[in-house]
Amino acid sequence: MTDDPRIPKNGMPTAVLPVADSGPAAAPTQPRRTRDRVKIAFFTVLTVFVVALLVVGVFAWNLWSSFDQADRLEDAFPDGDRPAAVEGAQTVLLLGSDSRGTDEGDDLTGRSDTIMVVHIPADQATVTVMSIMRDNWVDIPGHGEGKINAAMALGGVPLVVQTVEQFIDTRIDHVAIVDFESFSAISDALGGVTVQNPSAFTAVSGEHFDEGEITLAGGDALAFVRERKAFATGDYRRAANQQRFLKGMLSGILSPDTLVNPFRVSELVSAVSPHLTVDAGVDPWYLLSTIWGARDIRSGDVHFFTSPTLGTGWRGGQSVVLPDPDEMEVVRQAIEDGTLSAYEPPEL
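The present account deals with the structure reproduced in this document. (Residues numbered from 1 in each chain as written. Predicted model: local features only at pLDDT ≥ 70, side-chain atom pairs only at ≥ 80, totals over all residues. Heavy atoms only, no water.)

## Observations concerning unusual backbone geometry
For step 1, the next point in the chain: Unusually for a residue other than glycine, Q124 sits at a positive phi of about 55 degrees.
For step 2, the next point in the chain: Topologically, Q124 is positioned in the loop between strand 3 (114-120) and strand 4 (127-132).
For step 3, the next point in the chain: With a phi close to 55 degrees, D169 is a non-glycine residue in the positive phi region.
For step 4, the next point in the chain: Mapped onto the secondary structure, D169 falls in the loop between helix 2 (151-168) and strand 7 (174-179). (Helix = DSSP H or I, 4+ residues; strand = E, 2+ residues; numbered from the N terminus.)

## Some thoughts on the packing of aromatic side chains
For step 1, the next point in the chain: Counted under the stated rule, the structure contains 6 aromatic pairs.
For step 2, the next point in the chain: Seen from their ring centres, F201 and F209 are 4.9 Å apart, and the 35 degrees between their planes marks the pair as tilted. The same class applies to F201 and to F209, which are both buried.
For step 3, the next point in the chain: Arranged with centres 4.7 Å apart and planes meeting at 70 degrees, the rings of F201 and F231 form a pair that is edge-to-face. Of this pair, F201 sits in strand 9 (residues 201-202) while F231 sits in the loop between helix 4 (218-226) and helix 5 (235-253), and the two are 30 residues apart along the sequence. Neither F201 nor F231 differs from the other in exposure class; each is buried.
For step 4, the next point in the chain: Pairwise contacts between aromatic rings join F201, F209, F224 and F231 into one cluster. (Phe/Tyr/Trp six-rings, centres within 6.5 Å; stacked < 30°, edge-to-face > 60°. Buried < 20%, exposed > 50% of the residue type's maximum accessible area, 1.4 Å probe, protein only.)

## Looking at the pattern of salt bridges
For step 1, the next point in the chain: With the rule as written, the count across this model stands at 5 salt bridges.
For step 2, the next point in the chain: The partner of D235 in a salt bridge is R134, with the nearest N and O atoms 2.9 Å apart. Taken as a pair, D235 in helix 5 and R134 in the loop between strand 4 and strand 5 (137-140) lie far apart in primary sequence, 101 residues in all. Across the pair, R134 and D235 agree in class, each one buried. (Salt bridge = Lys/Arg side-chain N within 4 Å of Asp/Glu carboxyl O.)

## Some remarks on the packing of helix 2 against helix 9 (residues 325-337)
For step 1, the next point in the chain: Closest axis-to-axis distance for the helix 2/helix 9 pair is 8 Å, and the angle between their directions is 95 degrees. The pairing of helix 2 with helix 9 is recorded here as roughly perpendicular in orientation. Taking contact as the criterion, the partners of Q166, F167 and I168 in helix 2 are, on helix 9, M328, R332 and I335. (Axes fitted to C-alpha atoms, helices over the stretch in contact; angles between N-to-C directions. Parallel < 35°, antiparallel > 145°, perpendicular 65-115°, else oblique. Contact = heavy atoms within 4.5 Å.)

## A short note on the pairing of strand 5
For step 1, the next point in the chain: Two strands pair when backbone bridges link them, and strand 5 and strand 6 (residues 144-147) are joined in this way by 4 bridges, in the antiparallel orientation. Looking at the pairing, V138 lines up with G146 of strand 6. (Pairing = 2+ DSSP bridges.)

## Here's the deal with the nonpolar core
For step 1, the next point in the chain: Of all hydrophobic cores here, the largest spans 44 residues; its most connected members are V127, F209, L216, F224, F245, M249 and L276.
For step 2, the next point in the chain: It is helix 4 that contributes the most residues to this core, 5 residues altogether.
For step 3, the next point in the chain: Discounting residues that sit within four places of it in the chain, F245 has contacts with F183, S187, V193, V195, L216, A221 and V225.
For step 4, the next point in the chain: L73, V175, M328 and A334 belong to the second-largest nonpolar core, a separate cluster that totals 31 residues. (Core = buried A, V, L, I, M, F, W, Y, C linked by side-chain atoms within 4.5 Å.)

All we've got here are geometric facts, nothing functional implied.
Structure below.
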């Protein structure tokens with residue numbers, strides 16, 4: 001007897017039953033899984049897109065509502081011949097005073113305390129801010145020579161624009177006028193503005209500022225940018241302090257935490273707009289495009305200087321600031337060439 005395992009112990013072979021035909025092989029499940037993943041991805045992208053549209057819409061609406069508090073200048077620019085615009089570049093005239101309204105002192109019909117030219121070249125890689133001393137002795141079109149800040153009283157904003165355009169030989173694309181209260185509001189909205197103070201001083205209003213790195217907010221920010229009587233150099237030091245404040249302010253605004261945060265941007269616009277007057281071409285869409293164009297700019301790409309001068313002198317019994325005509329030609333050429341950010345004025 002064999003030990004063949006196919007033969008049971010009773011000696012009878014076991015029948016081998018045929019395997020039933022199960023029909024065609026079952027369809028693979030991979031295509032269905034792939035289709036499911038595609039659907040999930042599609043609806044995920046669609047959901048993100050819709051949410052993004054809602055966020056952008058809410059941001060645009062908030063920005064429009066906030067910016068609507070700013071006043072508008074319908075006739076900001078002069079008639080007649082004007083310098084040619086620098087293609088692709090933007091040049092903004094920034095005027096500042098202690099009052100935006102019609103109270104006595106500096107206002108839209110008086111004299112401007114602060115005159116700055118903000119220039120963004122065509123490549124949008126840098127921003128340059130040039131302060132123009134308010135006592136610069138210049139030619140005011142149609143009125144002869146005078147202090148540059150007198151143009152406001154003589155002919156309003158259009159004459160200021162015409163005078164500055166002649167001074168820098170460059171077209172002004174936009175105008176913004178702020179009162180000094182905005183410095184306080186901005187510093188509060190940013191949680192303080194850090195500046196490097198070169199020397200300690202006490203403002204005539206009583207605030208004391210230590211030498212070195214200080215953080216300004218509220219009334220201290222306002223006192224810092226206003227003060228000039230505490231300094232032997234007067235307006236020279238005040239212009240420099242205003243530049244220091246703007247540098248610290250822009251450092252906060254251009255930080256990723258602020259620039260890409262629509263809610264922070266809206267908060268800043270809300271803080272500034274009640275103190276702001278702009279030409280009719282400055283609207284929320286202009287702000288959005290400017291913010292987008294500045295997305296790669298950081299505080300190190302922003303440069304400040306004061307228009308070159310020969311010091312002070314006297315004209316008609318007035319103490320005035322004398323522009324340096326040769327250096328101003330260099331400035332004008334640098335604006336045209338898009339190299340103003342590299343310009344360094346000679347020291348007095």
